[in-house]
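Structural features, examined
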Amino acid sequence: RAEGAGGRARRARAMARLFMQRIASALSYTTVRQVKVHSVTVGLIYAGLCAVIVAYVLGYEFFLGHGYQDAETVKGTVQVKVKGTARSDCAMGLRDCVDGMRVWDTTDLTLKAENSVFITTALQNTVQTQGRCAGARSDPLQPHFDENCTAAPTGMCLDGHVSWSGVQTGRCLPADQEGTRWCEVRGWCPAERERVEPLPMQGVDEWTLFVRLYGEFAKFGESFDNANGTSLVEGYNLFSVRDLLGRAGIEYDTIRSGGVDLLMQFALDCNLDSSEQCVPALTVARVEAEDSELSKGFNERTAILFSQLQGNATDGSAETKLARELWKRYGIKVRILLTGQARRFDAVVAATRLGAGLALLSVATVIADLLILYVLPRRSEYYSHKFDEVYINHDHDGAHDGTEAHEDELAGAWRQAPPSAAQTAREPLMLGTSRG
């Protein structure tokens, strides 16, 4: 009984000691082993990589890239006012001419939209009334809308069919002066003709645009306004049509009859830590492809409705009918875009970006490790110093890796033979270490 009680006590002490070892293992701290390699080649490569990384982080990202500043994108509005006067010949059925010319102002020749303005440089005028007439659009690529019936006088024109110029009546009219036959249509007559040289406007290139920009940076409680009080500054908030075209590398005479689509972009980069005035950088570029056959230049259509007296007033056959002047306007479409940001120093942002940048120094360590492990001649020796291969040896068949079975085996060993004082002083496991 005494031996049985003593055995139970020893097993209890062994289990308690095993439990304490588990607690000690859980509370232990493991650090990374470092090997100092005395190699001039590796040292120079590592130092060079570190220098490059530090120069990139501090020089480019932090100072040149303003990594020490917080930034916010501008949110703003754009307004544009156009001023000027132009003139043209009194042709194409234009009414209300004076001394053989038609005088135009910005109300006549400008069309405004959100963040953009269209300035007419030439126009084609067609005076129309409702009635029946020949169609005028030939489009073989879209036969559904084609009104040219020269090749197929019968069956080409369908009554009630909607085409480019109106609703067809089903008739193919006799050939015109050019020998072309057209489907008869109901609609605004006469139909607008293609390939007609538009009437040019003279003096539009001297018109001026006042561009008013307002931007806000809510995060910093700051704003930007280029009104400059009440003064106009050429090249800052005042631009001529000829100046805008020149910035895009375009001559006015080359686009007057066909028009052009321009993007006028103001880019802000405001340093709020500086006392200098924030001046936007201006770029003007042509939007549409100059050599495109599908869509070249820019044009828009507008119509002016008026009442027209038709018939003979003496015999009582006169009647008033609705008429319109259909203007196909060619001109300069100016799209105005305000972009950019404002920057201000922020300690949190600076510390975060600096820490993230310096973390790239680990790249130098990885590259140096790859060199000494896989490239340099004495790589096997480096490998043996960098890594320890540890094997756990027991008196039993098989190896254990710290699993629960190993713990049960250890507890069994304690039950069979309690350790002596000398054994307790040594490590609980026998470790065999191989280098290389």
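The structure under discussion appears in the preceding block.
Right, let's walk through the structure included here. Residue positions are given per chain, counting from 1 as you read along its sequence in written order. Under the rules for a predicted model, residues below a pLDDT of 70 receive no local features and side-chain atom pairs below 80 are neither given nor counted, while totals for whole chains, interfaces and linings still include all residues. For side-chain calculations, the full set of non-hydrogen atoms in the structure is used, while hydrogens and water are omitted.

Let's talk about the overall build of the chain
Only DSSP runs of H or I covering at least 4 residues are called helices, and only runs of E covering at least 2 are called strands; the numbering of each starts at the N terminus. Along the backbone of the chain there are 10 helices and 18 strands. The rule is simple: take the accessible area with a 1.4 Å probe, protein chains only, and divide by the maximum for that residue type; under 20% is buried, over 50% is exposed, in between is partly exposed. With 436 residues in all, the chain has 32% of them scored as buried. Summed over its atoms, the accessible surface of the chain is roughly 26900 Å², and 54% of this surface lies on carbon and sulfur atoms. Surface accessibility in these figures is a Shrake-Rupley result with a 1.4 Å probe; residues are shielded only by whichever protein chains are displayed.

Considering the nonpolar core
Formed by 44 residues in total, the largest nonpolar core has its most connected members in Leu209, Val211, Leu245, Met264 and Phe266. When contributions to this core are tallied by element, the ones reaching two or more residues are strand 2 (75-83), strand 6 (116-134), strand 10 (208-217), helix 4 (241-247), helix 5 (252-255), strand 13 (260-271), strand 14 (281-286) and strand 16 (319-345). Nonpolar cores were defined as sets of buried Ala, Val, Leu, Ile, Met, Phe, Trp, Tyr and Cys residues, with membership established by side-chain atoms within 4.5 Å. One finds Val42, Ile372, Leu373 and Leu376 within the second-largest nonpolar core, a separate group that totals six residues.

Brief notes about the pattern of salt bridges
Here a salt bridge means any side-chain nitrogen of Lys or Arg lying within 4 Å of a carboxyl oxygen belonging to Asp or Glu. What the rule picks out here adds up to 15 salt bridges. Between Asp70 and Lys219 there is a salt bridge whose closest N-O contact spans 3.4 Å. Here Asp70, found in strand 1 (residues 69-73), pairs with Lys219, found in the loop between strand 10 and strand 11 (222-225); they are 149 residues apart in sequence, far enough to count as distant. Looking at Lys219, the relative accessible area reads 48%, which means it is partly exposed. When the shortest N-O distance is used, the salt bridge between Arg137 and Glu194 registers 3.2 Å. Taken together, the residues span a long stretch of sequence, with Arg137 in the loop between strand 6 and strand 7 (167-172) and Glu194 in the loop between strand 8 (183-189) and strand 9 (199-200) at a distance of 57 residues. A single salt-bridge network, built from bridges that share partners, covers Asp205, Glu206 and Arg242.

Some details on the side chain of Asp146
Within the fold, Asp146 resides in the loop between strand 6 and strand 7. Only four residue types enter the charge count: Lys and Arg as positive, Asp and Glu as negative, with His and the chain ends excluded. It turns out Asp146 is buried and unbridged, and the closest side chain with the opposite charge, Arg137, is 8.5 Å from it. Only 3.1 Å separates the side chain of Asp146 from the backbone nitrogen of Asn148, close enough to count as a polar contact. Nitrogen and oxygen atoms within 3.5 Å of one another constitute a polar contact, given that in protein one can donate a hydrogen and the other can accept it, and given that sequence-neighbouring residues count only through two side-chain atoms.

Some points on helix 7 (residues 361-374)
Multiplying one less than the number of residues by 1.5 Å gives the expected span of a helix. An ideal rise of 1.5 Å per residue puts 20 Å on 14 residues; helix 7 measures up with 20 Å between its terminal C-alpha atoms. Ala364, Ala368, Leu371, Ile372 and Leu373 are the residues of helix 7 that are buried. Any pair of residues with heavy atoms lying within 4.5 Å of one another is described as a contacting pair. In this structure, the buried residues of helix 7 make contact with helix 2 (40-64) and helix 8 (379-386).

Brief notes about the packing of helix 2 against helix 6 (residues 347-358)
Here an axis means a line fitted to C-alpha atoms, over the contact stretch when the element is a helix, while the angle between two N-to-C directions is reported on a 0 to 180 degree scale. As a packed pair, helix 2 and helix 6 sit with axes 9 Å apart at the nearest point and diverge in direction by 150 degrees. When the axes of helix 2 and helix 6 are compared, the pair comes out roughly antiparallel. Seen along the crossing, helix 2 lies across helix 6 with a hand that is right-handed. Contacts between helix 2 and helix 6 involve Ile53, Val57, Leu58 and Phe62 from the former and Ala350, Leu354, Gly357 and Leu358 from the latter. Residue type decides the class: Asp, Glu, Lys and Arg count as charged, Ala, Val, Leu, Ile, Met, Phe, Trp, Tyr, Cys and Pro as nonpolar, and the leftover types, Gly among them, as polar. Looking at the contact of helix 2 with helix 6 residue by residue, the class counts come to seven nonpolar, one polar and no charged. Note that the term roughly parallel is reserved for angles under 35 degrees, roughly antiparallel for angles over 145, roughly perpendicular for angles of 65 to 115, and oblique for everything else. The hand of a helix crossing depends on one turn: near helix anticlockwise from the far one by less than a right angle means left-handed, and clockwise means right-handed.

Re a nonpolar patch on the surface
Here a patch means residues that are over 30% exposed by relative accessible area and free of salt bridges, tied together within 9 Å if like-charged and within 5 Å if nonpolar (Val, Leu, Ile, Met, Phe, Trp, Tyr). Together, Ile45, Tyr56, Tyr60, Leu64, Leu360, Val363 and Ile367 make up a nonpolar patch on the protein surface, roughly 620 Å² of accessible area in all. Contributing elements (two or more residues each) for the nonpolar patch: helix 2 and helix 7. When residues in the nonpolar patch are grouped by element, the largest group, four residues, is from helix 2. Of note, Leu64 is situated in helix 2.

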